[in-house]
Amino acid sequence: MGNHFTGPIPMSLRNCTSLFRVRLERNQLKGNITEVFGVYPNLNFMDLRSNNLYGELSQKWGQCHSLTSLNISHNNLSGTIPPQLGEAIQLHQLDLSSNHLLGKIPRELGKLTSMFNLLLSNNQLSGNIPSEVGNLFNLEHLSLASNNLSGSIPKQLGVLSKLSFLNLSKNEFVESIPDEIGNLHSLQSFDLSQNMLNGKIPQQLGELQRLETLNLSHNELSGSIPSSFEDMLSLTSVDISSSQLEGPLPDIKAFQEAPFEAFRNNHGLCGNVTGLKPCIPFTQKKNNRFMMIMIISSTLFLLCIFMGIYFTLYWRARNRKSKSSETPCEDLFAIWGHDGELLYQDIIEVTEDFNSKYCIGSGGHGTVYKAELPTGRVVAVKKLHPPQDGEMSNLKAFTSEIRALAEIRHRNIVKLYGFFSHARHSFLVYRLMEKGSLRNILSNEEDAIGLDWSRRLNIVKGVAEALSYMHHDCSPPIIHRDISSNNVLLDSEYEAHVSDFGTARLLKPDSSNWTSFAGTFGYSAPELAYTTQVNNKTDVYSFGVVALEVVMGKHPGDLISSLTSSSSVRAVADSLLLKDVIDQRLSPPIHQISEEIVLSVNLAFACLSVNPQCRPTMRQVSQALSIKKPALQKPFPIITLRELFHG
C-alpha cells in the first residue's frame, strides 16, 4: 500500500481463490476491475482505493460471503451498483465514493444489517434513497453527498439510532426535513447543504444533544429557527446561509460566535452578529400593540371601501384585457405550486417590466434579470429575444423539449424551473447563481485572482461532468449547442453550473437532427460553417475552448487560430511554453496542480480537433479528468504547446 506501484494488476490474481486479505491502496495500479478479480470465498478484507482502476462492479462480489470490508473509492469505476452486492451479508464497510457510478442505490443493500459505514459520495447516482436503508440499524456513518439523488429524505433514517455522521449534501432533495431525524440521538455531524429542501426546520432537531456540526445552507427553508435549538450545547459549527429563514438566532455559543457568512442571504434573521440587524425586544412590541390596534380600527372601515372599489375596477380591467389579448399567457409549467399566469405577473411586477436596473447579464439569445418573488425566493429570469420569422413556430414541440430539460437533476447543471410564453415576453426561469458567469469573473482583475488554480480545475471538471451527463446519461441525449464562458455560472462555492438551455435540442434516434445555427462565435465548432446537423461533437469543441479560457484567463481565439494554421503551427508550437500561456495573474502552479493543468490543456486540444470524429466524447474527457494524474515526465516550466497539441 502507498508504494507508488504502477502498471496493470496481474490477471493471475483472478485465480487466487484462497485470498483472504488484499491491500493495494494508494498506488497507481491500472486494470479493468471486472476482468482482474474473481470470486474469493475466504476473502474478508479488500482495499483498492486511490488507484486507476476502471470497469464495472461485477455481480460476483455478492458471492464473497466472508467479505467484511470493501473499499474501491477514488478510482474510475463506471456502471451501476449491482443489487447482488446485498448478498455479501457480512459487509461492515462499503466505500465506493469518488467514482463514476450511475443508476439507483439498490434496495438490496438493506440486507446488509451488519453495515456500519456506507460511503457512496461523489458519484452520479440518481433516484430516491431506498427506504430499506432504515434496516441498517448498526449504521454509524452514511455519506451520499455529491450525487444526483432526488425525492424526499426518507423518514426511515430516523430509526438508525447509532448514526453519528450523516451527509446528504449536494443533491436535489426536495420537500421538508423529516421530523424523525430528531430521533438520531447519537448524531454528531449533519449536512443537508445545497439541496432544494423547503418548509420549516423541525423542532425535533433540537433533541440532537450530541450534534457538533450542522449545515443546512443553500436550501429553501423558511420560518424561524426552533426554540429547541437553545438546548444544543454540544454544537460548535453551524451554517444556515442562503435560505429564507427569519427571526432571532438561538442564544448559544455556536450561533453567537459564528461568522456572518454562516447566516447571509436569508429572509430576515436578526441577532447580535455583525452584519445582521438587531432583534426588536418583545416588550417594545407589546407597548406598540395598543397603538397599532387603534390605528387599524380607525382605518378598517375606509380600507374596506377602498378594497371594494379597487377589486371592482381590477376585474373589469382584467376582463377587458383577456378579451382583447390575441395570445394569452400559456401556463407551460406549474412552479412551486403557483399558477403559471400568476407567476408571470409576479415576475413582470418585481422586475418592473424587465427594467434594466435588474439586469445581471446578457447573451446572444436573451437578457438575464434578477427577480425576487413575493415569497422571498430569488430566481434568474432569462428573457428571450423576439423570435425571427419562422423560429419557434412549433411551440408545442419546443415546450416538450423544455419539459424534458426541466427534469434534469445534476449538481453541475443550473436547475431550470420553467418556461413561459406570452404575446409580449417569453422567458426561462432558473435557479440564481450567486457568483455570476465565468466570463465576468475572468474579465475582472480582482475576481480572477480569487479564482485560484484549484477552483479553475474544478470548474473544468464540473463542466465536463455536466456535458457527459447530458450526452450519455439522458434519454434521449441532450445537446446544449451554446457552451461558452458566459453560460457557465458559479455558485457561492465557485462550483460550475452549465446554464442557458434556450437553444438545447434533444437528439432523437429516428431523426436527422438538422436545425438552424445556434451558438456563440468563438466557441462554435468549425464544421458549423457548412452544416447545421446537431451532434454532441459540437459541444465537445466548445468545451475545449472554455477549458483553455479557464486556464489562460482569456478567450483563446488567437492561440487556436495559430495552432490550426498549417503554415505556422510548428513555429508557434515550438516557440510557446505552456507556462507563458496560462493566466499570468496567478502564481505559477506546482506539484499536483501543474499535473492537472497539463492534462486539462492536453484534453482541451484534443477537443479542438478540426475533424469532429477525432474529438473524444465528453464521457472520455470527464473520466480522464477524474483519474489520478501521472507524474510529469519533465519540469512544468519547459513543457511546450507542441507536446500537448494533437493537431
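Residues numbered from 1 in each chain as written. Predicted model: local features only at pLDDT ≥ 70, side-chain atom pairs only at ≥ 80, totals over all residues. Heavy atoms only, no water.

- You'll find the protein entered in an unreviewed UniProt entry as non-specific serine/threonine protein kinase, with Vitis vinifera given as the organism.
- UniProt annotates the protein under Subcellular location (unreviewed entry) with the comment "Membrane". (UniProt positions renumbered as here; feature names shortened; annotations may be inferred.)

### Side note on the overall build of the protein
Step number 1: Along the backbone of the protein there are 14 helices and 31 strands.
Step number 2: Of all 647 residues assigned to the protein, the portion counted as buried reaches 51%.
Step number 3: Carbon and sulfur atoms make up 52% of the accessible area of the protein, which amounts to about 30300 Å² in all. (Helix = DSSP H or I, 4+ residues; strand = E, 2+ residues; numbered from the N terminus. Buried < 20%, exposed > 50% of the residue type's maximum accessible area, 1.4 Å probe, protein only. Areas by Shrake-Rupley, 256 points an atom, 1.4 Å probe, with all protein chains shown as cover.)

### What about the nonpolar core?
Step number 1: Formed by 78 residues in total, the largest nonpolar core has its most connected members in F37, W61, F255 and F263.
Step number 2: Contributions of two or more residues to this core are made by α1 (33-36) and α2 (253-256).
Step number 3: Two domains share this core, each providing at least three of its residues, namely domain 1 (1-107 + 114-127) and domain 2 (150-279).
Step number 4: Apart from the residues lying within four places of it in its own chain, the contact partners of W61 are I33, F37, L43, M46, L67, L70, L85 and A88.
Step number 5: I408, L490, M552 and M618 belong to the second largest nonpolar core, which has 60 residues in total. (Core = buried A, V, L, I, M, F, W, Y, C linked by side-chain atoms within 4.5 Å. Domains from an automatic or database assignment. Contact = heavy atoms within 4.5 Å.)

### Comments concerning helix α9 (residues 536-552)
Step number 1: Between its first and last C-alpha atoms α9 spans 25 Å; for 17 residues at 1.5 Å apiece the expected length is 24 Å, and the two agree.
Step number 2: Burial within α9 is extensive, with 16 of its 17 residues counted as buried.
Step number 3: The opening residue of α9, the one whose side-chain oxygen lies 2.9 Å from the backbone nitrogen of K537, is N535. (Expected span 1.5 Å × (residues − 1). Polar contact = N/O pair within 3.5 Å; in protein donor to acceptor, adjacent residues only side chain to side chain.)

### Some points on the environment of K30
Step number 1: Following the sequence through the fold, K30 ends up in strand β3 (residues 28-32).
Step number 2: Overall, the relative accessible area of 48% leaves K30 in the partly exposed class.
Step number 3: Between the C-alpha atoms of K30 and L53, which are 23 residues apart in sequence, the distance is 5.0 Å.
Step number 4: In contact with K30, other than residues within four places in its own chain, are G7, P8, I9, N52 and L53.

### Some remarks on the pattern of salt bridges
Step number 1: Evaluated as defined, the whole model comprises 15 salt bridges.
Step number 2: Salt-bridge contacts for E352 lead to K357; the nearest nitrogen and oxygen are separated by 3.1 Å.
Step number 3: Given a relative accessible area of 54%, K357 falls into the exposed group.
Step number 4: A salt bridge links D583 to R585; its shortest N-O distance comes to 2.9 Å. (Salt bridge = Lys/Arg side-chain N within 4 Å of Asp/Glu carboxyl O.)

### Here we look at the packing of aromatic side chains
Step number 1: Counted under the stated rule, the structure contains 5 aromatic pairs.
Step number 2: With a centroid separation of 6.3 Å and an interplanar angle of 55°, the aromatic rings of F229 and F255 are classed as tilted. Here F229, found in the loop between β18 (220-224) and β19 (237-239), pairs with F255, found in helix α2; they are 26 residues apart in sequence, far enough to count as distant. Like F229, the residue F255 is buried in the burial classification.
Step number 3: Each residue in the set F229, F255 and F263 is aromatic and connected to the rest through ring pairs, giving one cluster.
Step number 4: Sitting over the ring of F45, R21 keeps its end group 4.1 Å from the ring centre.
Step number 5: A cation sits over an aromatic face here: K383 above F354, 5.8 Å from the ring centre. (Phe/Tyr/Trp six-rings, centres within 6.5 Å; stacked < 30°, edge-to-face > 60°. Lys NZ or Arg CZ within 6 Å of the ring centre and 35° of its normal.)

### Observations regarding the state of the cysteines
Step number 1: Throughout the structure, instances matching the rule amount to 1 disulfide.
Step number 2: Across the disulfide, C270 is cross-linked to C279 (sulfur-sulfur distance 2.1 Å). What sets the handedness of the C270 and C279 disulfide is the S-S torsion sign, and at about 100° it is right-handed.
Step number 3: Taking the relative accessible area as the measure of exposure, C279 reaches 32% and is therefore partly exposed. (Disulfide = S-S within 2.5 Å.)

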